[in-house]
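Chain by chain, the residues:
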Amino acid sequence: MNAPATPLPPASARHDDFPGWLPAMLVKELRQALRARGFVGLFLTFHLVAILVFWWTIELNTASGLRDTFNWLNGVFWVLLNVVLLLVMPSRGLGSLRMEIDNKTLDLLVLTRLSAWRIVLGKWVALVAQAALFLVAIAPYGVVRYFFGAVDLAADLIMAGWLLLGGATLAAVCLWVSGLPKLFRVILPVLFFLSFQSVGLSSFFSASLSGRGGLGRLPGPFSLQGVAGLFLLGLLTLIFLGLAVRRIAPPAENHARSARLLGLILLAGSALVSFGGYPGADAVLGFGCTVVALIAAVELSRDCLPMRVHGSTWGGRAWLRGFSRIMLPGWPSAVLFAGVALVPLALILGLDPSRHSGARSGLAVAWLAVLAWQALVFPALLLSYLPPSSTMRAGGTGYFVVQGLFGTISLMAATNSAGYLAGENFARTLDAICQILPVFSFWLGTNSVKTGFSPGNIIGQSVALGVLVGLIWRQSRIYWGTVARFERSGTGNPAGSP
Amino acid sequence: MSAPFLEVNELVRWYGKVRAVDGVSFTLGAGQVVGLIGANGAGKTTTMRILATLDTADSGTVRLGGLDVAEHPGQVRRRIGWMPDHFSPYQDVTVGDYLDFFGRTCGWRGAELARRTAEVVDFTELGPLADRLMDKLSKGQTQRLCLARTLLGDPDLLILDEPAAGLDPKARLEFKNLVRLLRGQGKTLLISSHILSELGEMCDTLVFMDGGRVVHHGDTESLQRHDSGDGGATFDITVHGPPSVLLAWLAVRPGWKLLEERRDGVRATCRMADPAAIAAELRRLTADGVPVIEFRRAGRRLEDAFINILREGRDAAATKSAEPAPGQQPEPPLTP
């Protein structure tokens, strides 16, 4: 029997009720979340605490004058809003994907017509909608402040908007973390908290208490900084949602393609915008490079064989095949993508006279781009020697652990801190080795880019580069062999052969 | 002959160093009810997960209605319904909301959604439970809900992994009836279970798996009727009084083999299976003074068939591995 797939119902039968206009996943998540005892309890507790604190603040401060009461109310209001929007609501996403994975309900979701993107997006929008509900619920407390002082409504709305957006980005981060193995679900929030603490968590909340929302006066959405901030938050949200999608997407779906296309567009845009070296150009280019590096890094941590369904086209002209090759999931394709992305970057860096002081320095800048490629792909090569199951179990975080380890050693070599720990001789030896080895050579090279590289280092680094390329070729033979088979025949075993 | 509806060809799946599925091949016609039988770790669930597009094979292909499941997972998913062995209900979601959600994911909305949901609720008799929270359902009710969800998309192929596991006898009976109804509707079903007698009642065809391989693939009826490789038949013989006389007769009578001894008789196989020979054996039995009160031809239990097939398969594999390679001297027999 070759019965056709069940057809979709006619459009007229599809939107009869209000939830019919909303995505199915969002409807389910909202129904589930708003009925959950956790949410109802949180909502009631929040109002109880807010009423008590407001009443207590008014009681204590009425005697000292309206101005003091207003400042205190303002502080309490913003602290409550910060805690709810930046801490409580995003953290509700920490169990979101994990519960689906552990209860095996994810299999049932994946088997529906919902794509992995729709599943994650539905969960994220539901979290943001709940945060928005809290924001609306807290509004009456904001109005109370009006009776004790002058409220700057526009500034308050901008602040609340930024907090909501920040919370939305954090919700995306939490969704990603929720799909990771348990160890990382513990480590990452702790690291996040510590880094937040290091940039002044206490001063953030004390600033909130002084009535400035914790962030000072933030730019409006129509200013240049506002647009940049919106863009940055939007991009970060997109990246983390993309990472969450990868945690649950079936192997047949190719999510590398869209992410890499986005990365290439962003890199090209930032490189063009930063041409000429005006103030802030380096930051723009650095941002573009970081995003592309992150997109490549995500795939560099993934060890899988290509499937026929991953490529939109396998045959055709050489340039089309080449383009298809850099858009496949799996680290060998990501190595190629990183190389392709760095070619225009190296050209722009080398050609832009504002970035160097002569031909020698221009070449050094271009060479630095090559070292950056080496730094990006070397951990992936190391991980390829481990069994794929172990790297998959680590949830793709193994790459970042290796990169972090190398970064720390590079820092020690660069700052000569190894000398304090193990003596000058050791520090000199470490520095000499690090000048040549991949990853380290890039970080140390960023110091000497203005003066140019020494010939000795370049020879050593070239040898290391040759060895690296050779090993990558050896480790990715099966991968490219499978690709070549698809390209030759246009058909083949989609699962590949071990 | 029309092309098979489901075609599994040389499927291999490794988990680390373990070959969980080792060259599994079988085909299924449309409208068939097929039982997948095997011990824990035989590779049933892995095979089913690959068929359901939830896992990918290291090599081999699966085609459903001509579509490769690895290449076209989206199209294949529209045609299959998957019921996992372990189903955890959502918290804070009612039965009605759960079905409503999965109906929406199938693309149904409004009146069409209501009609479809009502149909499956009616079929699985979940109507009175529509407003109950999922996590407050009994195991049997939860399984019925899971089946209702599976049916919402009106799939051509239903893959049910251990659907009767953990059900009480009443729920098991209800479930069996539902399978019978689905079979009547012309659905193709692939069911895995440990309870072989139930599978025998529900399935047209049985696929036995052992160590990641298919060791038998055939229709249920012939498996139950046909006793052993030598064409014999199985009989339940009941006698008046203790079966000692019967046991003595069986011990000396050529062609008979004792399978099981009971308080009032035995189960035994006879090498002769044609009716005339059986009639002659019965006459001989009574003539030799065995007080027979019942002599009945028994169908072979699936458990016995399963164990025999596994044993034969393992013996054959052992013999094959023990055979010396060409040019190699056989090992001398062990001496005490």
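Scroll up to find the structure this text is about.
Residues numbered from 1 in each chain as written. Chains lettered and ligands numbered in written order. Predicted model: local features only at pLDDT ≥ 70, side-chain atom pairs only at ≥ 80, totals over all residues. Heavy atoms only, no water.

Asker: What exactly am I supposed to notice about the overall build of chain A here?
Answerer: Helix and strand content of chain A: 22 helices and 0 strands. Looking at chain A as a whole, 47% of its 498 residues qualify as buried. In chain A, once contacts between residues fewer than 6 apart in sequence are set aside, the share between residues at least 24 apart is 77%. Surface accessibility of chain A: about 23900 Å² in total, with carbon and sulfur atoms responsible for 73%. (Helix = DSSP H or I, 4+ residues; strand = E, 2+ residues; numbered from the N terminus. Buried < 20%, exposed > 50% of the residue type's maximum accessible area, 1.4 Å probe, protein only. Contact = heavy atoms within 4.5 Å. Areas by Shrake-Rupley, 256 points an atom, 1.4 Å probe, with all protein chains shown as cover.)

Asker: Could you clarify how one ought to interpret the sheet that holds strand S11 (residues 233–239) of chain B in this entry?
Answerer: Sheets are built from strands that pair by backbone hydrogen bonding, the pairs being arranged parallel or antiparallel. Residues and elements named next belong to chain B. One open sheet holds the 4 strands; their spatial order is S12-S13-S11-S14, and the pairing between them is antiparallel. With partners counted over all chains shown, the strands left at the sheet margins are strand S12 (256–261) and strand S14 (292–298), one partner each. The sheet shows a mean angle of 25° between the axes of neighbouring strands, taken without regard to direction. For S11 and S14, the ladder comprises 6 bridges, and the chain directions are antiparallel. Paired with Phe235 across the strands is Arg297, a residue of S14. Packed on one face of the sheet, helix H10 (residues 275–287) meets S11, S12, strand S13 (265–270) and S14 and runs near 155° to S14. (Pairing = 2+ DSSP bridges. Axes fitted to C-alpha atoms, helices over the stretch in contact; angles between N-to-C directions.)

Asker: Can you walk me through empty space enclosed by the protein in this structure?
Answerer: Over the atoms rolls a probe the size of a water molecule, and in doing so it shows where empty space is left. Scanning the model with the defined rule gives 5 cavities of 30 Å³ or more in all. Considering only enclosed or pocket space, the largest cavity measures out at about 240 Å³ in volume. What lines the largest cavity is a set of 17 residues, and nearest its centre among them are Leu111(A), Thr112(A), Arg77(B), Ile80(B) and Cys106(B). When residues of the lining of the largest cavity are traced back to their parent elements, those giving at least two are strand S6 (80–83), helix H3 (95–105) and helix H5 (139–152) of chain B. The residue makeup of the lining of the largest cavity, split by class, is 8 nonpolar, 5 polar and 4 charged. Within this model, the second largest cavity holds a volume of roughly 140 Å³. Lining the second largest cavity are 20 residues, and of these Asp55(B), Thr56(B), Ala57(B), Val69(B) and Ala70(B) sit closest to its centre. At the level of secondary structure, the elements contributing two or more residues to the lining of the second largest cavity comprise strand S4 (59–64) and helix H2 (73–77) of chain B. Per-element accounting of the lining of the second largest cavity gives the leading share, 3 residues, to S4(B). Its residues placed into classes, the lining of the second largest cavity shows 13 nonpolar, 4 polar and 3 charged. (1 Å grid on protein atoms, 1.4 Å probe; cavity = no way out; pocket = protein on both sides within 12 Å on 5 of 7 lines; lining within 4 Å. Points joined across faces, edges and corners; volume = space filled by probe spheres on them. Nonpolar A, V, L, I, M, F, W, Y, C, P; charged D, E, K, R; others polar.)

Asker: Please explain the packing of aromatic side chains as it appears in this structure.
Answerer: For any pair of aromatic rings, the description consists of the separation of the ring centres together with the inter-plane angle of the planes. Scanning the entire structure with this criterion turns up 15 aromatic pairs over all chains. Between Phe43(A) and Phe134(A), the ring centres sit 5.2 Å apart and the planes meet at 65°, which makes this aromatic pair edge-to-face. Residue Phe43(A) is located in helix H2 (residues 37–61), and its partner Phe134(A) is located in helix H6 (residues 116–144); the two are separated by 91 residues in the primary sequence. Accessibility expressed as a relative area gives 23% for Phe43(A), which makes it partly exposed. In this structure Phe134(A) comes out as buried when scored by relative accessible area, which is 1%. In this structure an aromatic cluster arises from ring pairing among Phe39(A), Phe43(A), Phe46(A), Phe134(A) and Tyr141(A). The ring of Tyr90(B) carries the charged tip of Lys28(A) above its face, separated from the ring centre by 3.8 Å. (Phe/Tyr/Trp six-rings, centres within 6.5 Å; stacked < 30°, edge-to-face > 60°. Lys NZ or Arg CZ within 6 Å of the ring centre and 35° of its normal.)

Asker: Is there a simple way to explain the pattern of salt bridges in this structure?
Answerer: Should their charged atoms come close, side chains of opposite charge can pair. As enumerated under the stated definition, the model contains 30 salt bridges over all chains in all. For Glu487(A), the salt bridge goes to Arg325(A), with nearest N and O atoms at 3.0 Å. With Glu487(A) in helix H22 (residues 477–489) and Arg325(A) in helix H13 (residues 318–325), this pair connects stretches of sequence that are 162 residues apart. Measuring nitrogen to oxygen at the nearest pair gives 3.2 Å for the salt bridge that ties Arg13(B) to Asp55(B). Here Arg13(B), found in strand S1 (residues 6–15), pairs with Asp55(B), found in the loop between helix H1 (44–51) and S4; they are 42 residues apart in sequence, far enough to count as distant. Across this residue pair, the class does not change: Arg13(B) and Asp55(B) are buried. It is possible to trace a salt-bridge network through shared partners that takes in Asp236(B), Arg262(B), Asp264(B), Arg267(B), Glu294(B) and Arg296(B). (Salt bridge = Lys/Arg side-chain N within 4 Å of Asp/Glu carboxyl O.)

Asker: Honestly, the pairing of S11(B) in this entry has me stumped. Any pointers?
Answerer: Each regular strand carries side chains that alternate between the two faces of the sheet. All names here are of chain B. When you tally the buried positions in S11, you get 7 out of 7 residues, the bulk of the element. Burial along S11 is two-sided: Ala233, Phe235, Ile237 and Val239 and Thr234, Asp236 and Thr238, pointing in opposite directions, are all buried. By the bridge criterion, 6 bridges tie S11 to S13 in an arrangement that is antiparallel. Bridge pairing links Thr234 to Thr269 in S13.

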